[in-house]
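Take a look at the letters that make up each chain.
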Amino acid sequence: MEVIDRGTVCPLPGAPLVVGVGAGRGVSVGEVIGLVETVLAEAGLSPGGVAELATVEAKAGEAGLLTAAERLGVPLCGYPAAALAAVEVPNPSAAPLAAVGTAGVAEAAALLAAGPGGELLVAKRKSAPHGRPAMATCAVARRPAAVKSGQEGQRRPAVDRPDAGQ
């Protein structure tokens, strides 16, 4: 799998959360950050536990997403639409299917980035801008607990996996 890392400094390897984000063209950083912070707070999750923002490759160059990732101090990783389309999501939508070729961006990106055994903690939520249509969605997934190498059948941190970054 090809991952485009466009963020700033990578978080600590143990950060367990991945925030999947979907965005319309020209989404503002304020709308993205506001949504992410609200969703994390309402779920009782710390922004310090976020390892990355994940999205579809076609949106990985959006200034609002890039700046949001920078402000959160995490990378923005873009995943191919075909890879996201292969992920079963609880809330598929025709809008991203028509726009980028996958029925889910936020949930699919969060689950894909969380890896095998990842768990969706917060289903897709839309931003609620004042008097405008929502331009952002986000979902939160938790990566399985990283374990010490040598424990069979359990996932190791991505930095130790031979397939990391493929």
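Everything below is about the structure shown above.
For the structure given in this document, a descriptive report is provided here. Computed from a predicted structure; not experimentally measured.

Thresholds, definitions, all that
Residues numbered from 1 in each chain as written. Predicted model: local features only at pLDDT ≥ 70, side-chain atom pairs only at ≥ 80, totals over all residues. Heavy atoms only, no water. Helix = DSSP H or I, 4+ residues; strand = E, 2+ residues; numbered from the N terminus. Contact = heavy atoms within 4.5 Å. Buried < 20%, exposed > 50% of the residue type's maximum accessible area, 1.4 Å probe, protein only. Pairing = 2+ DSSP bridges. Right-handed = clockwise from strand over helix to strand, strands pointing away. Core = buried A, V, L, I, M, F, W, Y, C linked by side-chain atoms within 4.5 Å.

Turning our eyes to something else, we now look at the side chain of T137. Among the structural elements, T137 can be located in strand β6 (residues 136-142). Sequence-distant contacts of T137, defined by excluding residues within four places in its chain, comprise G20, V21, G22, L35, A106, K124, R125 and K126.

Within strand β3 (residues 50-56), seven of the seven residues are buried, which leaves it mostly tucked inside the rest of the structure. Two elements, strand β2 (residues 17-23) and β3, share four bridges in a ladder whose sense is parallel. Residue pairing across strands places G20 opposite A54, the latter belonging to β3. In this region the chain leaves β2, passes through helix α1 (residues 29-42) and returns to the parallel neighbour β3; the handedness of that crossover is right-handed. Of the strand pairs in this sheet, β3 and strand β4 (residues 76-79) are connected by four bridges, and their pairing is parallel. Its bridge partner being in β4, V56 is matched across the sheet by Y79.

Turning next to the nonpolar core. Within the largest apolar cluster, 24 residues are counted, with the highest numbers of intra-cluster contacts made by V19, L40, L53 and V140. Apart from residues lying up to four places away in sequence, V19 is in contact with V36, L40, V50, E52, L53, A54, C138, A139 and V140. The next biggest cluster of nonpolar side chains, apart from the first, holds 18 residues, and it includes A81, V89, A108 and A109.

Interpretation note: all reported values are geometric properties and have no functional meaning in isolation.
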